[in-house]
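# Geometric and topological summary
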Amino acid sequence: MTLRNLLCLVGLTGGLFGQSSLLWPTNAGKELSSNFAEYRSDHYHTGIDIKAGGAPGAKAFAVADGYVSRIATNFTGYGKALYLTTDDGKIAVYAHLESLFPELEDVLRIQQAQAGSYFVDVQFKPQEFPVHRGDVLGIVGDRGYSFGRHLHFEIRNSRERPLNPLLEGFGVIDHLSPLLSRLVVIPLDSGATVNASALPQIVPLYFDRTGVYLPPDTLQVEGPVGLAVEVEDRIQGVPNRYQIQRIRMEVDSTLVFRKKYQQLDFSRSRRINLDRDYRLYRYHLGSFQRLFVNPEGAFPAIGDGRLQLTPGLHQVDLVASDAAGNSARARIMVYSGPPRTIQVELLSRQPDTCRFLVRADTSLALHKLTVYSFTGHGYADLKEELSTRRRGPGEWQVALPAWRCERKALQFLAQFRGGLFSYPVHWIPEKLRNPVLDTRVSLDVDMVEGGVHLQLETSQTVAAHPVVYLYFGPDGRVRSIPVHQIQPTVYLSERLRPAELDRLTRVDAILRDQQEKITRFTVLPRYVDPTRRTEIYSPDHACSMLIEPDRLYAPAVAWIERVARTVDPPTGRRLTPAYQLQPFDVPLKQPVKVALQYPEPERFTANMALFYFDDEKEKWTYLETRRNDRKNLLLAEVESLDAVTVIQDSLPPVMNGSFPADQGMYRSEDVQVIRARFEDDLAGIRESEAGIIVTLDGTRLWGDYQPVKQEFRYDLVSPLAPGPHQVHYRVLDQTGNEFQTIIHFQVE
């Protein structure tokens, strides 16, 4: 069946210069809200999103000759989607459609009636629905998981792998270069540092008048490091930000890394969290693209990107480009060499001034000295204004207001000419050297690239330096772990391999001055081998997670800690404490199982389920839950390691309006759709046909449910007969609470 479009299509051809034989897929315009390979929360975007908010009734066109090979409908995901196989074997995908062309819409309704379901997935043979370039395939809409009217458009190859449409003849006019805003430098091994720190360092990039992005200063590294960059593309006249098309990195003019966002395998789309820096993403510190490779990443790359620089100064160049060929360059000068040490001595204390002598262990000249002050409880206060006087190339005299030297702990950081940094040195006045018996010590376990740091924090400044002891196995083997002071109250261990914590049974931290205080920690990390089954328990054994083989990408440690203070849901009743699954900043390859024990008195409580705390939305979110009342357990799977708890949701969904309205009087031609909106603030409406049941005069309507709007909609095929009618709505939320109502209306 051939359906010719009778509209004039001048100006709708795709391609950067209007020379492509492929047609632009819609007359809604050429403004994009998203492009290919943009980051989503847990996957890559697989096409382009073409805006249609200002163009109701916009059409979707066949981009080339071919045939309709598939249609599929569901409540979430693509909603109502059409698949066009072109004569060259590629597949064009049109998603979130409002409707299909009439003949195909009729076929869809027949299929839904036969299946007794709105959900259908129908394949067609080439001779059944042939189409020509320019034929109208449907109307652009917002069905499925969509935040507004737009056309999600994909081009796939014959193996069903999405291709970048902007490189396949669907480019848009674009004269703007990408934006490079920040760089993160990540130590990749034990002993590796960045600017004298073992932790990743975020560095701003500034646009130079020469047209190159530069950091504020030379960076210093020791050992292997990796880079990640915060970069986004722009298109003139549109406020949206987009994914770049390719990026490369050179060291001293030699290519060491290149990645292109051209083609994606659906089976690897979730591996987005190997290509962006998941740790920074989880901490809400930005979306950084890694320029070093994990072999299991979604997009292939040339070079592994690990920088193991020879001693001395190096130039690292990053070049990011978009699909139109616009590019942006960053130039980073990196000095490879070990950090230096400095000594800080109080020279004199006068009524208004304290003077310090800062002496370096190198003949290199001091270039810059920075002093930060902290409160006695370790809170960063401010960057101090210094009065300095050189006494020689490696010696400076520093003056500070006397009152700050009495009430604040100070951190001294030096930078030398050529880019070298010093390790931080901390000076604590006598008034802030608190007794160890009054000092609390907390332990954090920090998963970093390829390793683990143990981080201690004291509740106040002390003169004593902590010592950490690890105990292993039934024989109590002991290992002492050195820790380094990185702030006045924060101490960081060397980087440990996760396997070094295998069979850990106890962790003690000891503070000694005139007296000794031992702190024993109850939450212990457990080694997780990705090839083995591992069970992790909270200290009270109320919460557990089961990590089966192939759930993690790399060896790690895991633990569960009880959350001291948590957010209660706005409705419902929290039945258990909240437990944080850790490490929350390590990506999962596949979901892991979690179980939480509810109190015995709640055995017969209905409508309770496991919920996780969505940190982005700042709300408790339902997990598909199974009950084991024999053991008083609720069980679920989680796709990321978040806080979990048990909540009873006792409120059913509510209706926020319907058409036709109850007791309404209508002309027959005015009733073309049955529509209703619902709301459920806690567990959410069950997004299935078992959870949304609508009948018209006793006949089941296989209609669409839009989860973002929480709206049910059914388009009538023929006008309703005059007389009384009724619509019966039955809607369930995820925990089984039910809403029912009957709408009575009259057609004249």
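Note that the structure is a prediction, hence the values are computed from the model and not measured.

### Topic: the overall build of the protein
Each helix and strand in the protein was counted, giving four helices and 62 strands. Along the three orthogonal principal directions, the C-alpha set of the protein runs to about 100 × 70 × 50 Å. Taken across its 748 residues, the protein has 53% of its residues classed as buried. Considering only contacts in the protein between residues 6 or more positions apart, those separated by 24 or more positions represent 67%.

### Here we look at the sheet that holds strand S22 (residues 289-290)
A sheet is described by the order of its strands in space; here four strands give the open sequence S15-S13-S19-S22, paired in antiparallel fashion. Both edges of this open sheet fall to strand S15 (201-204) and S22, since each of them pairs with a single strand only. Here two bridges tie strand S19 (residues 225-232) to S22, and the two strands are oriented antiparallel to one another. When the sheet's bridge partners are listed, Val 229 is paired in S22 with Gln 289.

### A closer look at empty space enclosed by the protein
Going through the model one piece at a time under the given rule, you end up with four cavities of 30 Å³ or more. There is about 110 Å³ of room inside the largest cavity. Taken together, 15 residues form the lining of the largest cavity, with Leu 166, Asp 174, Asp 322, Ala 323 and Ala 324 sitting closest to its centre. Residues that form the lining of the largest cavity fall into these classes: seven nonpolar, five polar and three charged.

### Section: the packing of aromatic side chains
The geometry of an aromatic ring pair is captured by the separation of the ring centres together with the interplanar angle, meaning the angle of the planes. If you walk through the whole model with that rule in mind, you get 25 aromatic pairs. Aromatic pair Phe 207 and Tyr 213: ring centres 4.9 Å apart, planes at 55°, arrangement tilted. For Tyr 213, a relative accessible area of 8% gives the class buried. An aromatic cluster is present here, built from Phe 36, Tyr 39, Tyr 44, Tyr 261 and Phe 299 joined pairwise through their rings. Here the basic side chain of Arg 506 rests over the ring of Tyr 471, its NZ or CZ set 3.9 Å away from the ring centre.

### Notes on the sheet that holds strand S38 (residues 483-487)
To summarise the sheet geometry, strands pair through backbone hydrogen bonds and adopt either a parallel or an antiparallel arrangement. Spatial ordering of the open sheet is given by S34-S35-S39-S38, a layout of four strands whose pairing is antiparallel. The open sheet is flanked by strand S34 (441-448) and S38, the only strands paired with a single partner. Strand-to-strand twist in this sheet, taken as the mean axis angle between neighbours without regard to direction, amounts to 30°. Relative to strand S35 (residues 451-458), S34 runs antiparallel, the two sharing eight bridges. Bridging across to S35, Val 441 finds its partner in Thr 458.

### What to know about the environment of Asn 737
Structurally, Asn 737 is set in the loop between strand S61 (723-732) and strand S62 (738-747). Given the relative accessible area of 7%, Asn 737 is considered buried. A sequence separation of 333 residues divides Asn 737 from Arg 404, and the C-alpha atoms of the two residues are 60 Å apart. Within the structure, the side chain of Asn 737 is placed 3.5 Å from the side chain of Asn 607, a separation counted as a polar contact. Of the polar contacts made by the side chain of Asn 737, one reaches the side chain of Thr 735; its length is 3.0 Å.

### Topic: the nonpolar core
Among the nonpolar cores identified, the biggest contains 53 residues, and Leu 456, Leu 470, Cys 543, Leu 581, Val 594, Leu 610 and Val 644 are the most heavily contacted of them. At five residues, strand S45 (residues 556-562) tops the list of elements feeding residues into this core. Not counting chain neighbours up to four residues away, the residues in contact with Cys 543 comprise Ile 536, Tyr 537, Ser 538, Ile 560, Tyr 579, Leu 581, Val 594, Ala 595, Leu 596 and Val 644. Counting 40 residues, the second-largest nonpolar core is a separate cluster that includes Leu 82, Leu 97, Phe 129 and Val 238.

### Considerations on the state of the cysteines
This structure, assessed with the given rule, holds zero disulfides. A disulfide-free cysteine, Cys 405 has its sulfur positioned 3.2 Å from the sulfur of Cys 354, the nearest such atom. Judged by relative accessible area, Cys 405 falls into the buried class, the value being 0%.

### Brief notes about helix H1 (residues 102-115)
In a regular helix each residue adds 1.5 Å, so 14 residues correspond to 20 Å; H1 covers 20 Å between its end C-alpha atoms and thus fits that length. All of the buried residues along H1 are Leu 104, Glu 105, Leu 108 and Gln 112. What you see down the axis of H1 is that its buried residues fit within an arc of 105°, all on one side. Turned more than 90 degrees away from the buried face of H1 sit Pro 102, Ala 113 and Gln 114, all of them exposed. Looking at the packing, one finds that the buried side of H1 touches strand S4 (66-73), strand S5 (80-86), strand S7 (97-100) and strand S8 (120-123). Trailing H1 by a residue or two, Gly 116 shows a phi angle of about 60°, which is positive.

### Notes on the pattern of salt bridges
If you walk through the whole model with that rule in mind, you get 51 salt bridges. The partner of Arg 40 in a salt bridge is Glu 38, and the shortest N-O contact between them spans 3.4 Å. Between Asp 317 and Arg 329 there is a salt bridge, with the nearest N and O atoms lying 3.7 Å from each other. Pair noted here: Asp 317 is in strand S24 (residues 312-321) and Arg 329 is in strand S25 (residues 327-336), with a separation of 12 residues, a long-range link. On the basis of relative accessibility, which here comes to 4%, the residue Asp 317 falls in the buried class. Connected through salt bridges with shared partners, the residues Glu 98, Arg 143, Asp 704, Arg 713 and Asp 715 form a single ionic network.

About the cut-offs
- Residues numbered from 1 in each chain as written.
- Predicted model: local features only at pLDDT ≥ 70, side-chain atom pairs only at ≥ 80, totals over all residues.
- Heavy atoms only, no water.
- Helix = DSSP H or I, 4+ residues; strand = E, 2+ residues; numbered from the N terminus.
- Buried < 20%, exposed > 50% of the residue type's maximum accessible area, 1.4 Å probe, protein only.
- Contact = heavy atoms within 4.5 Å.
- Pairing = 2+ DSSP bridges.
- 1 Å grid on protein atoms, 1.4 Å probe; cavity = no way out; pocket = protein on both sides within 12 Å on 5 of 7 lines; lining within 4 Å.
- Points joined across faces, edges and corners; volume = space filled by probe spheres on them.
- Nonpolar A, V, L, I, M, F, W, Y, C, P; charged D, E, K, R; others polar.
- Phe/Tyr/Trp six-rings, centres within 6.5 Å; stacked < 30°, edge-to-face > 60°.
- Lys NZ or Arg CZ within 6 Å of the ring centre and 35° of its normal.
- Axes fitted to C-alpha atoms, helices over the stretch in contact; angles between N-to-C directions.
- Polar contact = N/O pair within 3.5 Å; in protein donor to acceptor, adjacent residues only side chain to side chain.
- Core = buried A, V, L, I, M, F, W, Y, C linked by side-chain atoms within 4.5 Å.
- Disulfide = S-S within 2.5 Å.
- Expected span 1.5 Å × (residues − 1).
- Arc of directions from axis to C-beta.
- Salt bridge = Lys/Arg side-chain N within 4 Å of Asp/Glu carboxyl O.

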